[in-house]
There are 2 protein chains.
Amino acid sequence: MKYSDRIVNTPPSFVRNILKVTGNPEVISFAGGLPNPISFPIDKLQNSIQHSIEENGPKLFQYSTTAGYLPLREYIANKYNNDFGYEIEADDIIITTGSQEALMLIAQVLVNKGDGIVMEEPGYLGAIQAFNLTEPTFYSATLEDDGLNIEELEKALQNPNIKFIYTVPNFHNPTGITYSKEKRDAIYEVVKKYDVALIEDDPYGDLRWNGEKLPYIGAGRLENSILLGSFSKTVTPGFRLGYIVSKNKELIRHINTAKEAVDLHTNIFAQYVIHDYLVNNAYQEHVDKIISLYREQASAMLNAMEKYFPSTVKYTKPDGGMFIWVTLEEGMSALKLFDKAMEVKVAFVPGDPFYTDKTNVNTFRLNFTNSEPAVIEEGIKRLGKILHEVSAKELV
Amino acid sequence: MKYSDRIVNTPPSFVRNILKVTGNPEVISFAGGLPNPISFPIDKLQNSIQHSIEENGPKLFQYSTTAGYLPLREYIANKYNNDFGYEIEADDIIITTGSQEALMLIAQVLVNKGDGIVMEEPGYLGAIQAFNLTEPTFYSATLEDDGLNIEELEKALQNPNIKFIYTVPNFHNPTGITYSKEKRDAIYEVVKKYDVALIEDDPYGDLRWNGEKLPYIGAGRLENSILLGSFSKTVTPGFRLGYIVSKNKELIRHINTAKEAVDLHTNIFAQYVIHDYLVNNAYQEHVDKIISLYREQASAMLNAMEKYFPSTVKYTKPDGGMFIWVTLEEGMSALKLFDKAMEVKVAFVPGDPFYTDKTNVNTFRLNFTNSEPAVIEEGIKRLGKILHEVSAKELV
């Protein structure tokens with residue numbers, strides 16, 4: 001059989017292939033993006049399961065509406081209205097099968113083959129995969145320590161048929177950086193001049209251990225703002241619950257139509273249970289526990305990097321989230337380092353899949369949320385040993 | 001903003017709009033395709049939830065693999081091997097977020113814009129919606145009482161770039177018909193000559209109250225066979241669990257890549273729970289209960305139609321499943337009948353959305369699974385009254 005161009009041109013996920021290699025329990029893996037299982041409130045979710053079934057019986061098991069469980073959408077709207085003073089309603093929200101589905105749906109309703117998407121460089125590889133299904137043209141703007149490079153963003157927006165800009169403003173995947181207040185305002189001033197959507201994908205925003213929560217770039221003030229959220233990093237990824245927020249009614253209507261074609265609706269049992277959990281438990285206390293755990297794990301990694309890495313190696317220092325981004329000396333290959341690291345049973349994600357048009361880059365991503373501090377120190381120590389011992393030539 | 005061609009050309013679901021109208025509890029609705037809530041084994045699912053969490057803890061709540069929970073895929077493979085003597089393995093199966101997602105994924109990996117899809121006429125509207133996202137060209141073959149018209153199928157297959165044929169061989173949606181053994185063999189003989197896939201979508205196959213289970217058209221013998229199944233009609237639709245079976249390894253690999261881009265993986269909690277339910281309960285006994293309920297409801301509807309409908313109205317007599325298909329005299333409009341029926345608070349789905357290129361048709365779908373027999377009789381009586389009283393002219 002002959003397959004579609006879109007799938008022939010979509011490589012199978014780099015990260016998922018790495019995860020297969022790292023399935024070996026002897027490997028210290030900084031490769032995945034798995035939340036620490038401590039972040040799953042299993043006992044309380046069990047209570048919410050019982051409680052939801054008692055209260056709503058068959059409704060948890062029947063077909064349901066495409067937009068999602070109304071009380072859950074109301075809860076989400078209230079959260080943003082309370083936290084940021086926005087004026088969001090339940091009808092501005094669609095519950096999705098993880099934020100991954102949200103990314104796919106947005107591209108489906110906006111992008112014709114060849115249309116433009118502006119990506120952060122480096123950018124989230126799951127987004128690149130989801131958008132690829134619509135065969136877009138990618139344009140990049142460099143992601144700096146405080147957010148997108150403004151001149152490059154303006155330049156990218158000059159290209160024809162740009163449909164949207166994709167950003168992860170808080171504790172970015174893969175770099176861990178957070179957009180500054182000033183950069184957010186500067187981006188807003190640029191984007192509002194163009195007829196494009198601005199996606200702010202924010203699965204990690206609640207996981208901040210340093211500094212103050214910042215207002216979004218476009219949410220609450222930009223006509224074509226699309227905000228994405230998720231319960232995967234704060235309650236459970238296994239339930240596959242994310243959501244789209246937009247005040248653009250036409251966009252929401254089209255996304256609803258597309259979602260109906262894609263999976264009719266998201267698992268309604270999971271929506272009832274999460275809603276019950278959120279309204280009957282101290283969610284913030286739970287998140288605070290995750291934050292203090294991740295802060296400790298991030299510190300362990302940063303301290304070990306300070307101690308064991310050569311000073312020529314640069315890396316980010318995140319204020320929250322799950323990732324650190326490492327930059328080797330110019331010309332070095334993170335892929336070659338990966339092969340050497342696997343020999344000493346340490347894994348990470350080489351930077352390549354986070355770029356739409358670069359290969360054999362000198363950057364890589366480290367995840368710190370799924371290993372004990374002592375294991376983190378040991379893994380970084382091994383990586384540092386390679387970086388010191390291997391001659392620069394071997395990595396070029 | 002300018003939206004994509006694919007979404008601008010996808011009308012919002014007819015049926016979902018009807019379901020909004022019929023939200024009124026006074027309306028007798030034969031419109032939806034909802035299983036009777038008696039088909040949800042809630043107590044046993046609760047036991048399986050407890051049991052699965054005790055046995056597997058955080059694994060129910062963590063990220064998981066795209067293909068789905070291995071023991072569930074093994075269970076499904078065994079079921080087909082036992083029932084039909086096939087040789088299916090877990091690796092030939094991908095768990096999907098309902099069969100709706102399966103339909104979307106298949107089109108994504110096979111269809112470029114303009115490529116051909118052969119549909120039954122009439123055909124399942126959810127499939128039309130899912131396929132529409134890839135902007136295909138639809139070709140139709142008439143669905144007769146025993147399956148697709150063979151000459152029309154052969155003729156459709158002459159068109160350029162046909163990628164697949166879509167069928168619902170058992171208790172078809174919307175018509176309720178089942179393909180005969182002879183027609184299955186005849187279709188197999190035609191299809192095997194072409195480099196196309198044959199989709200057999202079978203959510204209702206287990207719900208048979210008359211006659212013997214038949215072998216599939218292509219599954220087990222056709223190289224590019226794709227079989228779809230679902231737990232929505234026999235356990236719970238709320239969990240959104242369906243699956244794809246194909247022995248074509250390259251196809252399965254591409255679908256896996258596409259699914260990863262679409263939602264990473266299907267809710268893993270639901271997969272563990274369904275698997276535990278299936279292996280620890282008498283599934284067939286449960287299905288037998290659903291069958292005897294639906295048989296009684298179908299009889300109630302058919303008896304009432306015999307009693308109250310004019311003899312000029314023709315309809316199918318299903319051996320299982322959830323639907324009956326009604327054909328009015330030539331030239332009459334089911335849409336016009338729908339408006340009159342709503343005046344007496346009875347709803348059904350006019351045939352239009354089940355055709356890719358016809359409107360104002362003289363056919364409509366009745367669902368019998370979600371009303372008590374007495375309510376079914378009352379609803380059909382009201383419909384019959386309209387059909388007798390209204391002059392033919394008013395429906396033209």
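Residues numbered from 1 in each chain as written. Chains lettered and ligands numbered in written order. Predicted model: local features only at pLDDT ≥ 70, side-chain atom pairs only at ≥ 80, totals over all residues. Heavy atoms only, no water.

### Considering the packing of aromatic side chains
Short version of the rule: When two rings of Phe, Tyr or Trp (its six-membered ring) have centres within 6.5 Å they constitute a pair, described as stacked for plane angles under 30 degrees, edge-to-face for angles over 60, and tilted for the intermediate range. We count a stretch as a helix when DSSP gives it H or I for four or more residues in a row; a strand needs E for two or more, and each element gets its number in order from the N terminus. Think of it in three bands: residues with accessible area under 20% of the maximum for their type are buried, residues over 50% are exposed, and the middle band is partly exposed, with areas taken using a 1.4 Å probe on protein chains only. Charges are assigned to positions over rings by a cutoff of 6 Å between ring centre and Lys NZ or Arg CZ, combined with an angular limit of 35 degrees from the ring normal.
Scanning the entire structure with this criterion turns up 38 aromatic pairs over all chains. Centroid distance Tyr 80 of chain B to Tyr 216 of chain B: 6.4 Å. Interplanar angle 55 degrees. Geometry classified as tilted. Of this pair, Tyr 80 of chain B sits in helix H4 (residues 70-84) while Tyr 216 of chain B sits in the loop between strand S7 (197-201) and strand S8 (225-230), and the two are 136 residues apart along the sequence. For Tyr 216 of chain B, a relative accessible area of 4% puts it in the buried group. Chaining the aromatic ring pairs together yields one cluster made of Phe 61, Phe 239 and Phe 269 of chain A together with Phe 61, Phe 239 and Phe 269 of chain B. The ring of Tyr 80 of chain B is capped by Lys 79 of chain B, whose NZ or CZ atom sits 5.7 Å from the centre of that ring. Its guanidinium or amino end placed over the ring of Tyr 188 of chain B, Arg 221 of chain B lies 4.0 Å from that ring's centre, counting from NZ or CZ.

### Describing helix H6 (residues 125-132) of chain A
H6 of chain A sits mainly inside the fold: eight of its eight residues count as buried. Listed as buried for H6 of chain A are Leu 125, Gly 126, Ala 127, Ile 128, Gln 129, Ala 130, Phe 131 and Asn 132 of chain A.

### What about the pairing of strand S4 (residues 137-144) of chain A?
Within a regular strand, the side chains alternate between the two sheet faces. Residue and element names in this part refer to chain A. Formally: When DSSP locates at least two bridges between a pair of strands, those strands are taken to pair. Consider the strands pointing away from the viewer: the crossover is right-handed when the path from the first strand over the helix to the second runs clockwise.
Direction of pairing for strand S3 (residues 116-121) relative to S4: parallel, over a ladder of six bridges. Counterpart to Ile 117 in the pairing with S4 is Phe 138. For the segment spanning S3, H6 and S4, crossover handedness is right-handed. Direction of pairing for S4 relative to strand S5 (residues 147-148): antiparallel, over a ladder of two bridges. Looking at S5, one finds that Leu 143 is bridged to Leu 148. Linking S4 back to S5 in an antiparallel pair, the connection comprises two residues.

### Description of the sheet that holds strand S13 (residues 349-350) of chain A
Residue and element names in this part refer to chain A. With respect to topology, four strands assemble into an open sheet ordered S10-S11-S14-S13, the strand pairing being antiparallel. In this open sheet, the two strands that pair with only one neighbour each are strand S10 (314-315) and S13. Note that strand S11 (residues 323-327) and strand S14 (residues 363-367) share five bridges and pair antiparallel. Paired with Val 326 across the two strands is Phe 364, which belongs to S14.

### Some words on the domain arrangement of chain A
Residue and element names in this part refer to chain A. Our working definition: Domain borders in the structure are assigned automatically or taken from a domain database. By definition in these notes, contact holds between two residues if any of their heavy atoms fall within 4.5 Å. Buried area adds together the accessible area that both of two parts lose upon being put together, with accessible area traced by a 1.4 Å probe. We define a salt bridge as a contact between a side-chain nitrogen of Lys or Arg and a carboxyl oxygen of Asp or Glu at a distance within 4 Å.
Domain boundaries assigned for chain A yield domain 1 (5-40 + 285-390) and domain 2 (42-280). Distance from the C-alpha centre of domain 1 to the C-alpha centre of domain 2: 25 Å. Between domain 1 and domain 2, the residue contacts involve 34 residues of the former and 34 residues of the latter. Surface buried jointly by domain 1 and domain 2 totals about 3000 Å² across both partners, of which 63% is contributed by carbon and sulfur atoms. Remark: the boundary between domain 1 and domain 2 carries one salt bridge. Across the pair Glu 121 and Lys 358 runs a salt bridge whose closest N-O atoms are separated by 2.9 Å.

### A short note on the interface of chain A and chain B
Quick note on the threshold: We define a polar contact as two N or O atoms separated by no more than 3.5 Å, with the added condition that, inside protein, one atom must be a possible hydrogen donor and the other a possible acceptor, whereas residues neighbouring each other in sequence contribute only through side-chain atom pairs.
In this complex, chain A contributes 75 residues to the contact, which on the side of chain B involves 75 residues. Where chain A packs against chain B, one counts zero salt bridges. Summed over the shared surface of chain A and chain B, the result is 39 residue pairs in polar contact (both at pLDDT 80 or more). Secondary structure elements with two or more residues in the side of chain A that touches chain B: helix H1 (5-8), helix H3 (42-56), helix H5 (98-110), H6, helix H9 (249-263) and helix H10 (268-280) of chain A. Ranked by residues supplied to the side of chain A that touches chain B, first place goes to H9 of chain A with nine residues.

### Concerning unusual backbone geometry
Along the chain, Asn 173 of chain A connects to Pro 174 of chain A via a cis peptide bond; the corresponding omega equals 15 degrees. Within the element layout of this structure, Pro 174 of chain A appears in the loop between strand S6 (162-167) and helix H8 (181-191). Look at Arg 240 of chain B: it is not a glycine, yet its phi comes out positive at around 55 degrees. Tracing the backbone shows Arg 240 of chain B in the loop between S8 and strand S9 (241-245).

### Focus: the relation of the copies chain A and chain B
Filter applied, for reference: When the copies are overlaid, the least-squares fit takes in C-alpha atoms only where the residue has pLDDT of at least 70 in both copies.
Each copy superposes on the other: chain A lies on chain B with an RMSD of 0.0 Å after a rotation of 180 degrees and an axial shift of 0.0 Å. Here the transformation between the copies is reduced to the relation of a two-fold axis. Among all residues of chain A, the minimum C-alpha distance to the rotation axis is found for Asn 267 of chain A, at 3.8 Å. Take the interface residues of chain A: 100% of them recur as interface residues in chain B, which is what a same-surface contact looks like.

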